[in-house]
Amino acid sequence: MNENDNILLEQFFKEAAAQQLEDDGFTQRVMQQLPGRTNWLSHLWTLFCVIVALGIFVLSQGWTTLASYAALFLTHVEVFVRTLPTLFDLTAIDLSGLMTQTSVWEILLSLAVLMVLSIIALTRWAIRWEW
């Protein structure tokens with residue numbers, strides 16, 4: 001585009017922005033019909049989801065799972081640091097017994113709880129911004 005086109009576009013948009021449309025109070029009536037900012041049903045649903053997630057966490061003794069994950073993570077960090085010089089020697093890596101069926105179920109349950117908590121957080125975020 002050239003300079004003349006830019007000037008014409010700026011002039012057009014300045015004129016369009018200066019126009020006022022008369023709505024005879026329509027906007028005010030619509031705003032009065034909208035529900036309030038705090039929707040008690042969404043807060044009740046959020047509370048229910050949090051209670052269910054906490055119940056699953058307590059019933060499955062999630063604190064022990066989290067503690068074992070922390071210990072496992074620290075163990076992996078220690079092993080990584082100690083075996084860093086042999087990182088490129090693939091024969092020194094032993095992956096047997098790393099995952100058991102119980103740990104798979106614990107991981108799946110933890111992911112389900114995280115998913116529920118994420119949905120709750122996204123729901124609260126969407127309500128706050130009124131999407």
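Predicted model, so just to flag it, every value in this text is computed and none were measured.

A. Representation of the overall build of the protein in the model. On a plain count of helices and strands, the protein comes out with 5 helices and 0 strands. Looking at the protein as a whole, 7% of its 131 residues are labelled buried. Put simply, the protein shows about 11,900 Å² of open surface, and 69% of that area lies on carbon and sulfur atoms.

B. Expanded view of a nonpolar patch on the surface. Together, Trp105, Ile107, Leu108, Leu111, Leu114 and Leu117 make up a nonpolar patch on the protein surface, roughly 580 Å² of accessible area in all. Here Leu114 is to be found in helix 5 (residues 101–129).

C. Local environment of the packing of aromatic side chains. This model, assessed by the stated rule, comprises 3 aromatic pairs. Pairing Phe12 with Phe13 gives two aromatic rings, centres 5.3 Å apart and planes at 70 degrees, and the pair type is edge-to-face. Accessibility assignment for this pair places Phe12 and Phe13 in one class, exposed. A ring pair is formed by Trp45 and Phe48, whose centres lie 5.6 Å apart and whose planes are at 35 degrees; its orientation type is tilted. Separated by 3 residues within a single helix, Trp45 and Phe48 lie in helix 3 (residues 40–59), roughly one turn from each other.

D. Molecular detail of unusual backbone geometry. Positive phi, normally seen in glycine, also occurs at Asp24, with a value near 55 degrees. Inspection of the secondary structure puts Asp24 in the loop between helix 1 (3–18) and helix 2 (26–33). Residue Asp24 is classed as exposed on the basis of its relative accessible area, which comes to 63%. The backbone phi angle of Gln61 is positive, close to 50 degrees, even though this residue is not glycine. Within the secondary structure layout, Gln61 lies in the loop between helix 3 and helix 4 (62–82). With relative accessibility at 43%, the residue Gln61 sits in the partly exposed group.

E. Spotlight on the side chain of Thr46. With respect to the secondary-structure elements, Thr46 resides in helix 3. When neighbours within four sequence positions are excluded, Thr46 is seen to be in contact with Ile120 and Arg124.

F. Looking closely at the confidence of the model for the protein. The share of residues in the protein with pLDDT of 70 or more is 75%, and the mean pLDDT across the chain is 76. Here helix 5 is the element of the protein with the lowest mean pLDDT, 76, and helix 3 is the one with the highest, 85.

Conventions and cut-offs
Counting of residues starts from 1 at the beginning of each chain's written sequence and follows it residue by residue. Residues qualify for local features only when their pLDDT is at least 70, as the model is predicted, and side-chain atom pairs are given and counted only at 80 or more; totals for whole chains, interfaces and linings, by contrast, use all residues. Processing note: side-chain calculations cover all non-hydrogen atoms of the structure and skip hydrogens and water entirely. Secondary structure elements follow DSSP: runs of H or I of four or more residues count as helices, runs of E of two or more count as strands, with numbering from the N terminus. Only protein chains enter the calculation, and the probe is 1.4 Å; a residue is then buried if its accessible area is under 20% of its type maximum, exposed if over 50%, and partly exposed in between. In short, Shrake-Rupley with a 1.4 Å probe defines the accessible areas, and a residue's cover is counted only from the protein chains shown. Residues with no salt bridge and a relative accessible area higher than 30% make up the patches, which join like charges within 9 Å and nonpolar side chains (Val, Leu, Ile, Met, Phe, Trp, Tyr) within 5 Å. By convention in these notes, a salt bridge is any Lys or Arg side-chain nitrogen within 4 Å of a carboxyl oxygen on Asp or Glu. Side-chain rings of Phe, Tyr and Trp, where Trp is taken by its six-membered ring, are said to pair if the distance between their centres is within 6.5 Å; with planes under 30 degrees apart they count as stacked, over 60 as edge-to-face, and otherwise as tilted. In this description, contact between two residues means that some pair of their heavy atoms is separated by no more than 4.5 Å. Summary of the metric used: pLDDT quantifies the predictor's per-residue confidence within the range 0 to 100.

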